[in-house]
Amino acid sequence: MANVTFSSPAMRKDVTVYATAGDCHTLLAVAQKNKVPIHFECENGECGSCAVEVSVLSGKLPMGMHLTEKEKTVLRLAGKITREQIEQAEVTDEPPPWRLACQYIVRDEDILVRF
Ligand code: FES
């Protein structure tokens with residue numbers, strides 16, 4: 001069970017939604033369900049239009065999470081992450097801040113999503 005807070009200049013105020021445990025939806029799906037206007041096009045990890053910055057609240061380290069191959073490629077080409085950050089993520093399993101909302105699976109941690 002996690003609180004997901006969305007923050008963007010495109011919204012009048014931040015929106016916090018509750019993602020239930022075992023809910024294996026993508027961040028983009030959670031946003032769409034709650035009418036949060038994250039931009040998207042392909043919904044398949046190929047265009048990069050849904051890039052968001054994710055930070056874990058409560059001061060904890062982010063849960064280990066693999067970047068998909070599509071995320072590695074698209075985020076690197078978009079200049080959101082470096083090759084070094086990708087290598088670091090592969091070694092430590094610690095995700096970089098920029099992610100693709102259509103590839104990011106919401107987990108049991110409170111996060112802030114900026115876009
Ligand atoms: Fe295209 Fe997420 S919508 S990469």
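Up top is the structure.
Small disclaimer: the values here were computed from a predicted structure and weren't measured. (Residues numbered from 1 in each chain as written. Predicted model: local features only at pLDDT ≥ 70, side-chain atom pairs only at ≥ 80, totals over all residues. Heavy atoms only, no water.)

Trainee: Describe the packing of aromatic side chains, with residues and values.
Mentor: Tallied over the entire structure, the rule returns 0 aromatic pairs. The ring centre of W98 lies 4.0 Å from the NZ or CZ of K80, which sits over that ring. (Phe/Tyr/Trp six-rings, centres within 6.5 Å; stacked < 30°, edge-to-face > 60°. Lys NZ or Arg CZ within 6 Å of the ring centre and 35° of its normal.)

Trainee: Hey, could you go over the pairing of strand 3 (residues 51-56) for me, with residue numbers and the actual values?
Mentor: In this sheet, strand 4 (residues 98-100) lies alongside strand 3 in antiparallel orientation, the contact comprising 3 bridges. By the bridge assignment, A51 is partnered in strand 4 with L100. Looking at chain direction, strand 3 and strand 5 (residues 111-114) are connected through 4 bridges and run antiparallel. Each residue of the ladder has a partner; that of V54, found in strand 5, is V113. (Pairing = 2+ DSSP bridges. Helix = DSSP H or I, 4+ residues; strand = E, 2+ residues; numbered from the N terminus.)

Trainee: Give me the pattern of salt bridges: which residues, what numbers.
Mentor: Applying the stated rule across the entire model yields 4 salt bridges. Put simply, E90 and K72 hold a salt bridge, and the shortest N to O gap is 2.7 Å. You can see E90 sitting in helix 3 (residues 83-92) and its partner K72 sitting in helix 2 (residues 69-77), a full 18 residues away along the chain. Take E90: its relative accessible area is 49%, and that puts it in the partly exposed class. The class for K72 is buried, based on a relative accessible area of 13%. Put simply, E69, K72 and E90 are held in one network by salt bridges that share partners. (Salt bridge = Lys/Arg side-chain N within 4 Å of Asp/Glu carboxyl O. Buried < 20%, exposed > 50% of the residue type's maximum accessible area, 1.4 Å probe, protein only.)

All we've got here are geometric facts, nothing functional implied.
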